[in-house]
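Structural characterization, general
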Protein chains: 2
Amino acid sequence: MNEVHQLLRAHRSIRKFTDETLSDRMVSDIVKSGLCAATSSNLQATTVIRVKDPDKRVRIAEVAGGQRSIETAGAFLVWCADLHRTRRACEAAGGTMTSGMTEQFVIATIDVALAAQNAVVAAESMGLGICYIGAIRNDPQTVSDLLELPRDVYPVFGLCLGVPDQDPEVKPRLPIEVVLKDDVYSFDDEPQQIAEYDETMRAYYRSRTGGTKASCWTEEMAGLVDGERRPHMRQFLAERGFEMR
Amino acid sequence: MNEVHQLLRAHRSIRKFTDETLSDRMVSDIVKSGLCAATSSNLQATTVIRVKDPDKRVRIAEVAGGQRSIETAGAFLVWCADLHRTRRACEAAGGTMTSGMTEQFVIATIDVALAAQNAVVAAESMGLGICYIGAIRNDPQTVSDLLELPRDVYPVFGLCLGVPDQDPEVKPRLPIEVVLKDDVYSFDDEPQQIAEYDETMRAYYRSRTGGTKASCWTEEMAGLVDGERRPHMRQFLAERGFEMR
């Protein structure tokens, strides 16, 4: 296994950082490497807002349920799906953008995720730690207002970056046999494989929490999808110009 | 700039491969490293179908507008957003999945994209070339039927992997000043920066096509979003269980 594979497999989310601020140059280099990821039809729908203003970081941390690392990380970035730039380009070329298509939403969201993950690999290769902050979608309107995002732009997720001040274990993943299949989707052998993974996860949580957390993947999933989750997203996106037609 | 940054910045899509098939072990290692990417709340919504059946690859190439590399690449993978596994887990734990939420669609799609981009970096670190195939969404129902995807699963994109048999230039990206902003979304200096990028892209296309292609980013964007694009996506997704509520 080469060093890049080793780097990728060593990933874990970092939620505690030293107080070292990352330089503009460092963040710019990381984002530049991120943007070298593939982009659909050269769309480049990614816009990244680095949030430096401490008050804004406090507000965003509140939105995200009080995640302190948003305030303390060496850098905090909001990754946005941006079709506003596309609209301006289309109009500059004398066209009219047909907006609100579901496909556009899919393409723009994927574009952002590919670029962000590339940036994450770039950051981790420099010894930095990262944590994605999906919880900015708890109140994406407040985040959009703080960052003055125009229509046709939405904040997909946040990203904390910085020098790690903790060294957590790598979280075990589902067995590869469950995830990678040949030619057809089948799940005949899955119950046994997932039962084994559930045991692995129970042991992982016991070890990580000193025995206070007793959960497993199957139970986590029930907690995650039994009930509505961020039900405001549909209307929020529609108001931003992503009507999902 | 370290070697990982250099690797990321050397990315270009490869559309011509030698006839070397990638071993199961190699593909498994690549996908395993991919799956080490962050995943929202440990959801792990990614399922990867490796398409080995030559007939299926011919059919998928047709769907994708005749992209021959889908038939000839050393491996062809379809990356799927999978909430069917989540549903089974939820039910196994005695719960009932609330499906069709827009937020679930966003989370699952991002999960897949992060894992795929990690896998791409892993593959490129081994000297392989890749090309994302968004065009499987030209007819995602046919792809779903071929791969026997159940409800709550949709094919996000394809991925060709293999030993490169071409050596194209790296495609220039938008200037970092356009993409990375501090604290607020602003675009005051953008017209000038984008005009310069348009010139860069004209030179790139002239050089790559021997002068036959004369286009630039601004014109490309007009071609891309002036008019409907894959208008079937909304209904397709709704029928798969992604109703976007």
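1. A closer look at helix H3 (residues 54–63) of chain B
Residue and element names in this part refer to chain B. Three or more residues of H3 are buried, namely Lys56, Arg57, Ile60, Ala61 and Val63. Burial along H3 is one-sided: seen end-on, the buried residues are contained in an arc of 155°. Away from its buried face by more than 90 degrees, H3 exposes Pro54, Asp55 and Glu62. In this fold, the buried residues of H3 make contact with helix H4 (69–72), strand E2 (75–82) and helix H7 (140–146).

2. Observations concerning the nonpolar core
If you look at the biggest cluster of nonpolar residues, it comprises 118 residues, and the most contacted ones within it are A:Trp79, A:Tyr132, A:Tyr154, B:Trp79, B:Tyr132 and B:Tyr154. The residues contacting B:Tyr154, other than those within four sequence positions of it, are A:Val106, B:Trp79, B:Cys80, B:Ala81, B:Phe105, B:Thr109, B:Leu149, B:Phe236, B:Leu237 and B:Phe242.

3. Notes on the packing of helix H6 (residues 102–125) of chain A against helix H6 (residues 102–125) of chain B
Relative orientation of the contacting elements H6(A) and H6(B) amounts to 45°, with a least axis distance of 8 Å. Our classification of the angle between H6(A) and H6(B) gives oblique. Crossing hand, H6(A) versus H6(B): right-handed. The residues of H6(B) that touch H6(A), namely those facing A:Phe105, A:Val106, A:Thr109, A:Ile110, A:Ala113, A:Leu114, A:Gln117, A:Asn118 and A:Val121, are B:Phe105, B:Val106, B:Thr109, B:Ile110, B:Ala113, B:Leu114, B:Gln117, B:Asn118 and B:Val121.

4. Details of helix H5 (residues 84–92) of chain B
Burial of H5(B) is extensive: seven of the nine residues sit out of reach of the surface. Restricting attention to buried positions, one finds in H5(B) the residues B:His84, B:Arg85, B:Thr86, B:Arg87, B:Arg88, B:Ala89 and B:Cys90.

5. Section: the relation of the copies chain A and chain B
Rotating chain A by 180° and translating it 0.0 Å along the rotation axis places it on chain B, where the RMSD comes to 0.0 Å. The superposition operator between the copies reduces to a two-fold rotation axis. Comparing interface residues between copies, 100% of those in chain A also sit at the interface in chain B, which points to an isologous, same-surface contact.

6. Points about the pairing of strand E3 (residues 129–133) of chain A
Residue and element names in this part refer to chain A. By the criterion of burial, E3 is predominantly enclosed, with five of the five residues buried. Judged by which residues are buried, E3 turns out to be covered on both faces: Gly129, Cys131 and Ile133 on one side and Ile130 and Tyr132 on the other are all buried. In this sheet, strand E4 (residues 153–162) lies alongside E3 in antiparallel orientation, the contact comprising five bridges. Across the sheet, Tyr132 pairs through a bridge with Leu159, a residue of E4.

7. Considerations on the environment of A:Glu220
All names here are of chain A. When you line up the elements, Glu220 lands in helix H10 (residues 217–225). Expressed as a C-alpha distance, the spacing of Glu220 and Ala73, which sit 147 residues apart in the sequence, is 27 Å. For Glu220, the side chain forms a polar contact with the side chain of Tyr205, separated by 2.4 Å.

8. Notes on the pattern of salt bridges
Within this structure, the stated rule accounts for 38 salt bridges over all chains. For B:Lys52, the salt bridge identified is with A:Asp182, shortest N-O distance 3.2 Å. Here B:Lys52 is found in the loop between strand E1 (46–50) and H3, whereas its partner A:Asp182 is found in strand E5 (residues 180–182) on a different chain. A residue is classified by how much of its surface remains accessible, and B:Lys52, at 33% relative accessible area, is partly exposed. Connected through shared salt-bridge partners, A:Asp24, A:Arg50, A:Lys52 and B:Asp182 make up one network.

9. Section: the side chain of B:Ser28
Along the chain, B:Ser28 falls in helix H2 (residues 24–35). Every residue in contact with B:Ser28, bar those within four places of it in the chain, is listed here: A:Ile176 and A:Leu180.

10. A closer look at the pairing of E4(A)
Residues and elements named next belong to chain A. The buried fraction of E4 amounts to 10 of the 10 residues, a majority that puts the element mostly inside the structure. Two elements, strand E2 (residues 75–82) and E4, share eight bridges in a ladder whose sense is antiparallel. Its bridge partner being in E4, Val78 is matched across the sheet by Gly158.

11. Overview of the packing of aromatic side chains
Residues and elements named next belong to chain B. Scanning all chains against the criterion turns up 14 aromatic pairs over all chains. Between Tyr154 and Phe242, the aromatic rings sit 5.4 Å apart at their centres with planes inclined by 75°, giving edge-to-face as the arrangement. Of this pair, Tyr154 sits in strand E4 (residues 153–162) while Phe242 sits in the segment after helix H11 (233–240), placing them 88 residues apart in sequence. The same class applies to Tyr154 and to Phe242, which are both buried. Aromatic side chains Tyr185 and Phe187 sit 6.0 Å apart centroid to centroid with 70° between the ring planes, which places their arrangement in the edge-to-face category.

12. Some points on the sheet that holds E2(B)
Strands belonging to one sheet form pairs held by backbone hydrogen bonds; the direction of such a pair is parallel or antiparallel. Read from one edge of the open sheet, five strands run E5(A)-E1(B)-E2(B)-E4(B)-E3(B), paired in mixed fashion. Two strands close off the open sheet at either side, each with one partner strand: E5 of chain A together with strand E3 (129–133) of chain B. Strand-to-strand twist across the sheet, computed as the mean angle between neighbouring axes with direction ignored, equals 25°. In the packing of H5(B) onto the sheet, the strands contacted are E1, E2 and E4 of chain B, and the crossing angle to E2(B) comes to about 45°. Each of E1, E2, E3 and E4 of chain B is contacted by H6(B), which is oriented at about 10° to E4(B), the strand it contacts most.

13. Quick word on the interface of chain A and chain B
The partner chain B presents 111 residues to the 110 residues of chain A that form the contact. When the two sides are added together, the surface that chain A and chain B hide from each other amounts to roughly 9,600 Å², 62% of it contributed by carbon and sulfur. Of all residues in chain A, A:Glu103, A:Asp183 and A:Tyr185 bury the most surface against chain B, accounting for 8% of the area lost on that side. If you look at where chain A meets chain B, you find 64 residue pairs in polar contact (both at pLDDT 80 or more). Considering every element that reaches the side of chain A that touches chain B, the biggest residue donor is H6(A), with 15 residues. Of the strand pairs in this sheet, strand E1 (residues 46–50) of chain A and strand E5 (residues 180–182) of chain B are connected by three bridges, and their pairing is parallel. Across the sheet, A:Ile49 pairs through a bridge with B:Lys181, a residue of E5(B).

Conventions used here
- Residues numbered from 1 in each chain as written.
- Chains lettered and ligands numbered in written order.
- Predicted model: local features only at pLDDT ≥ 70, side-chain atom pairs only at ≥ 80, totals over all residues.
- Heavy atoms only, no water.
- Buried < 20%, exposed > 50% of the residue type's maximum accessible area, 1.4 Å probe, protein only.
- Helix = DSSP H or I, 4+ residues; strand = E, 2+ residues; numbered from the N terminus.
- Arc of directions from axis to C-beta.
- Contact = heavy atoms within 4.5 Å.
- Core = buried A, V, L, I, M, F, W, Y, C linked by side-chain atoms within 4.5 Å.
- Axes fitted to C-alpha atoms, helices over the stretch in contact; angles between N-to-C directions.
- Parallel < 35°, antiparallel > 145°, perpendicular 65-115°, else oblique.
- Left-handed = near helix turned anticlockwise from the far one by under 90°.
- Least-squares fit on C-alpha atoms with pLDDT ≥ 70 in both.
- Pairing = 2+ DSSP bridges.
- Polar contact = N/O pair within 3.5 Å; in protein donor to acceptor, adjacent residues only side chain to side chain.
- Salt bridge = Lys/Arg side-chain N within 4 Å of Asp/Glu carboxyl O.
- Phe/Tyr/Trp six-rings, centres within 6.5 Å; stacked < 30°, edge-to-face > 60°.
- Buried area = accessible area lost by both parts, 1.4 Å probe.

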